[in-house]
Amino acid sequence: MKGIALASAAALVLTGCSEQVQRGWLPGSRETTSNTAEITDLWVNSWIAALAVGLLTWGLMLWCMVAYRRRKGDSGYPRQLAYNIPLEIMYTIVPLVMVGVLFFYTDQVQRSVDSDEEEPSLVVDVRGKQWSWDFNYEYDGEQRYSVGVQGQLDGESGAQEDLPTLYLPVDEPVEFQLNSRDVVHSFWIPAFLQKRDMVPGRTNEIHLTPQEVGSFDGKCAELCGEYHSEMLFNVEVVEEDEFREYLETLPEGHLGDEYDRNTNRHDDVTATEGD
Ligand SMILES: [Cu+2]
């Protein structure tokens, strides 16, 4: 009876392993960018390791509850144990090893994902601002920009079409330069499995190569004020000629620091608070 229950549970788990489950329910696919396969593997393998440790721990707990339960005729306390040095050393070393293993693989993937060995054919200077995005493209020696206007999410359909849209050519290495015009934002394209803060006064970078044509959602992932939830953008990964055509429609130039919010704002705030 036990065997049948176990076998049917195993069958359920194994046949339920669709593509989506194998990727640990992550959005996109392994091939969405040059980094998504590695990140997916780290995620899924971490889950497998965590589940194995969990099953072992739950098993040991259950075994203790059953094996050392109070039997008929038992009275008083069971034998009390304290200061078992070998056990305590094991309790310290085993978790340290587990943290070490997770750290090792995380660090490895992080270094690989953040490496910028490839010369980018496109540089996008992304400027986060309350509550939208400016995209500055540098491609083939030309500079073009698009100005983002905040999405108006009023419950009407079609709001997505008015969001700023980031265009990327497929199979070409991109360097994102992430800048903020005012407060801390975070640049996130969920399907790309990468996210990075945009901090006023410094430039963070993401390097990747989009590998699949398609439309993706982007958003700000750092609570940045009243309309943070409207700080959305679209991502279109297109063929190279379509990308060139799109760039042609944009004005030439670059919207840089000169459009950042007054850097003296901190003094202003202090002055108002002092009143
Ligand atoms: Cu934001």
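One can find the structure itself at the top, above this paragraph.
From a predicted model like this one, the values you see are computed outputs, not experimental measurements.

Student: Would you mind going over a negative patch on the surface with me for this structure?
Tutor: A cluster of acidic side chains, namely Asp171, Glu239, Asp241, Glu242, Glu245 and Glu248, defines a negative patch on the protein surface. Assignment of secondary structure puts Asp241 in helix α5 (residues 240–248). Here Asp241 falls in the exposed class, since its relative accessible area comes to 53%.

Student: Where do I start with the nonpolar core in this structure?
Tutor: Buried together is how nonpolar side chains tend to be arranged in soluble globular proteins. Judged by nonpolar contacts, the single largest core of 34 residues is most densely connected at Val124, Tyr137, Leu166, Leu168, Phe176 and Phe187. Beyond its immediate sequence surroundings of up to four residues, Leu166 is in contact with Val124, Phe135, Tyr137, Phe176, Phe187, Ile189, Phe233, Asn234, Val235 and Glu236.

Student: Where do I start with the packing of aromatic side chains in this structure?
Tutor: Summed over all chains, the structure comprises 14 aromatic pairs. Ring geometry for Trp63 against Tyr68: centres 5.7 Å apart, planes inclined by 75°, an arrangement best described as edge-to-face. Aromatic rings pair up to connect Trp133, Phe135, Phe176, Phe187 and Phe233 into one cluster.

Student: Would you mind going over the pattern of salt bridges with me for this structure?
Tutor: A side chain with one charge may pair with a side chain of the opposite charge, provided their charged atoms come close. For the coordinates displayed, the defined rule picks out 14 salt bridges. Note that Arg196 and Asp114 form a salt bridge whose closest N and O atoms lie 3.1 Å from each other. Here Asp114 lies in helix α4 (residues 85–114) and Arg196 lies in strand β7 (residues 194–198), a separation of 82 residues in the sequence. You can call Asp114 partly exposed: its relative accessible area is 30%. Measuring nitrogen to oxygen at the nearest pair gives 3.8 Å for the salt bridge that ties Asp260 to Arg127. Taken together, the residues Asp260 in the loop between α5 and α6 (265–274) and Arg127 in strand β1 (residues 122–129) connect sequence positions 133 residues apart. Sharing partners across several salt bridges, the network here consists of Asp125, Arg127, Lys129, Asp134, Arg181, Asp257 and Asp260.

Student: What should I look at first to understand the packing of helix α3 (residues 36–67) against α4 in this one?
Tutor: When two helices pack together, their arrangement is given by the angle between the helix axes and the distance between those axes. Where α3 contacts α4, the axes come no closer than 10 Å and their chain directions differ by 175°. The angle between α3 and α4 places the two elements in the roughly antiparallel class. When α3 is examined against α4, the residues Glu38, Ile39, Leu42, Ser46 and Val53 are found in contact with a partner set consisting of Met98, Leu102, Tyr105, Thr106, Val109, Ser112 and Val113. For the contact of α3 with α4, the per-class residue count stands at 8 nonpolar, 3 polar and 1 charged.

Student: Is there a simple way to explain the coordination of the copper ion in this structure?
Tutor: Octahedral metal centres with six donors ideally show angles of 90 or 180 degrees, and tetrahedral centres with four donors ideally show 109.5 degrees. Within the protein, His185 (ND1), Cys220 (SG), Cys224 (SG) and Met231 (SD) serve as the donor atoms for the copper ion, at 2.1 to 2.5 Å. Counting the intervening residues between successive donors of the copper ion yields the motif H-x34-C-x3-C-x6-M.

Student: Sorry if this is basic, but what is going on with the environment of Val126 here?
Tutor: The residue Val126 is located in strand β1 in this model. Taking the C-alpha atoms as reference points, Val126 and Tyr137, separated by 11 residues in sequence, lie 8.7 Å from one another. Among residues more than four places away in sequence, those in contact with Val126 are Trp133, Asp134, Phe135, Phe176, Gln177, Leu178, Asn179, Phe187 and Met198.

Scoring rules and cut-offs
- Residues numbered from 1 in each chain as written.
- Predicted model: local features only at pLDDT ≥ 70, side-chain atom pairs only at ≥ 80, totals over all residues.
- Heavy atoms only, no water.
- Patch = residues over 30% accessible without salt bridge, like charges linked within 9 Å, V, L, I, M, F, W, Y side chains within 5 Å.
- Areas by Shrake-Rupley, 256 points an atom, 1.4 Å probe, with all protein chains shown as cover.
- Salt bridge = Lys/Arg side-chain N within 4 Å of Asp/Glu carboxyl O.
- Lys, Arg positive; Asp, Glu negative; His and termini not counted.
- Charge placed at Lys NZ, Arg CZ, Asp CG, Glu CD.
- Helix = DSSP H or I, 4+ residues; strand = E, 2+ residues; numbered from the N terminus.
- Buried < 20%, exposed > 50% of the residue type's maximum accessible area, 1.4 Å probe, protein only.
- Core = buried A, V, L, I, M, F, W, Y, C linked by side-chain atoms within 4.5 Å.
- Contact = heavy atoms within 4.5 Å.
- Phe/Tyr/Trp six-rings, centres within 6.5 Å; stacked < 30°, edge-to-face > 60°.
- Axes fitted to C-alpha atoms, helices over the stretch in contact; angles between N-to-C directions.
- Parallel < 35°, antiparallel > 145°, perpendicular 65-115°, else oblique.
- Nonpolar A, V, L, I, M, F, W, Y, C, P; charged D, E, K, R; others polar.
- Donors = N, O, S within 2.8 Å, 3.2 Å for Na, K, Ca; no water.

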